[in-house]
Amino acid sequence: MSDPTVRVDTNSQVPPYEQIRTQLAALICTGRLAEGERLPTVRQLAVDLGLAPGTVARAYRELEAAELIRTRRGAGTRVAALPSEPHAHDADQLATLARHFTSAARALGAGTEDILTAVRDALDPGTRSSSATTDSGAGGAKTAKASAQVTGVRNRLKRQT
């Protein structure tokens, strides 16, 4: 499993708790966060994201209400078992996720082709596109810096599990 990452865009009109909830729900529903996997504590994730603990707590409460996570005293917050029957995706939620991803990718300096390549690679991780490994001009240094920051958050998330 690749390291899951949660990002919050404080300039977005979507509230931070909703960004967290949506991203974690997507990671859980796609299997990138497996059943029983431990999530960071509310305080730790709040520190990692630079947010108030109440913001993260609200996202966790909503995920728990949706039965995607379970919090038990002494055992922490863990990913719950997904329902066995498949469910239809929420088109609005999918559109929101796509907007968040493209906004974040553009902030890294990625062009349309780089974004589409990243999506294709994410859909079929067994085949890597050659253009995914090339830097596009001035965005390369910016992307490397952002990747280093994301790696730090990923490592903290991984230590929590």
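Everything below is about the structure printed above this text.
Residues numbered from 1 in each chain as written. Predicted model: local features only at pLDDT ≥ 70, side-chain atom pairs only at ≥ 80, totals over all residues. Heavy atoms only, no water.

Draft legend 1. Up close: helix α5 (residues 112–123). Relative to the 16 Å expected for 12 residues at 1.5 Å per residue, α5 spans 17 Å between its end C-alpha atoms, a close match to the ideal helical length. Among the residues of α5, those classed as buried are Ile 115, Thr 117 and Asp 121. Buried residues in α5, looked at end-on, bunch into an arc of 160°, giving them a common side. Considering only its buried residues, α5 is in contact with α4 (91–107). (Helix = DSSP H or I, 4+ residues; strand = E, 2+ residues; numbered from the N terminus. Expected span 1.5 Å × (residues − 1). Buried < 20%, exposed > 50% of the residue type's maximum accessible area, 1.4 Å probe, protein only. Arc of directions from axis to C-beta. Contact = heavy atoms within 4.5 Å.)

Draft legend 2. Layout of unusual backbone geometry. Backbone geometry places Glu 67, a non-glycine residue, at a positive phi of 60°. With respect to the secondary-structure elements, Glu 67 resides in the loop between α3 (53–65) and β1 (69–72). Using a relative accessible area of 60% as the deciding quantity, one classes Glu 67 as exposed.

Draft legend 3. Fine view of α3. The end-to-end C-alpha distance of α3 is 18 Å, a good match for the 18 Å that 13 residues give at a rise of 1.5 Å each. Considered for burial, the residues of α3 that qualify are Val 56, Ala 59, Tyr 60 and Leu 63. The arc enclosing the buried residues of α3, seen along the axis, measures out at 95°, which places them on a common side. Exposed side chains of α3 directed beyond 90 degrees from the buried face belong to Arg 61 and Ala 65. Where the residues of α3 are buried, they touch α1 (16–29), α2 (42–49), β1 and β2 (76–79). Positive backbone phi, approximately 60°, marks Glu 67, located one or two places after α3.

Draft legend 4. Highlighting the nonpolar core. In this structure, Ile 20, Leu 24, Leu 33 and Tyr 60 are the most contacted members of the largest nonpolar core, which totals 20 residues. If you list the elements that add at least two residues to this core, you get α1, α2 and α3. Counting residues per element, this core draws most heavily on α1, which supplies 6 residues. Setting aside residues up to four positions removed in sequence, Tyr 60 forms contacts with Leu 24, Leu 39, Pro 40, Thr 41, Val 42, Leu 45, Ile 69 and Thr 77. (Core = buried A, V, L, I, M, F, W, Y, C linked by side-chain atoms within 4.5 Å.)

Draft legend 5. Main features of the pairing of β2. Here 4 bridges tie β1 to β2, and the two strands are oriented antiparallel to one another. Residue pairing in the sheet places Arg 72 in a bridge with Gly 76 of β2. Hairpin geometry of β1 and β2 is characterised by an intervening segment of 3 residues between the two adjacent antiparallel strands and by a positive phi of about 85° at Gly 74. (Pairing = 2+ DSSP bridges.)

Draft legend 6. Examining the side chain of Gln 23 more closely. Structurally, the position occupied by Gln 23 is in helix α1. For Gln 23, a relative accessible area of 14% puts it in the buried group. The residues contacting Gln 23, other than those within four sequence positions of it, are Thr 5, Val 6 and Arg 7.

Draft legend 7. Fine view of a nonpolar patch on the surface. Side chains of Phe 101, Val 119 and Leu 123 sit close together on the surface and give an oily, nonpolar patch of about 290 Å² of accessible area. Relative to the helices and strands, Leu 123 is located in helix α5. (Patch = residues over 30% accessible without salt bridge, like charges linked within 9 Å, V, L, I, M, F, W, Y side chains within 5 Å. Areas by Shrake-Rupley, 256 points an atom, 1.4 Å probe, with all protein chains shown as cover. Salt bridge = Lys/Arg side-chain N within 4 Å of Asp/Glu carboxyl O.)

Draft legend 8. Geometry of the packing of α2 against α3. One way to put it is that α2 packs onto α3 with a least axis distance of 8 Å and a crossing angle of 120°. With respect to α3, the element α2 is oriented oblique. Considering how the two elements wind past one another, α2 and α3 form a crossing that is right-handed. Judged by residue contacts, Val 42, Leu 45 and Ala 46 of α2 engage Pro 53, Val 56, Ala 57 and Tyr 60 from α3. (Axes fitted to C-alpha atoms, helices over the stretch in contact; angles between N-to-C directions. Parallel < 35°, antiparallel > 145°, perpendicular 65-115°, else oblique. Left-handed = near helix turned anticlockwise from the far one by under 90°.)

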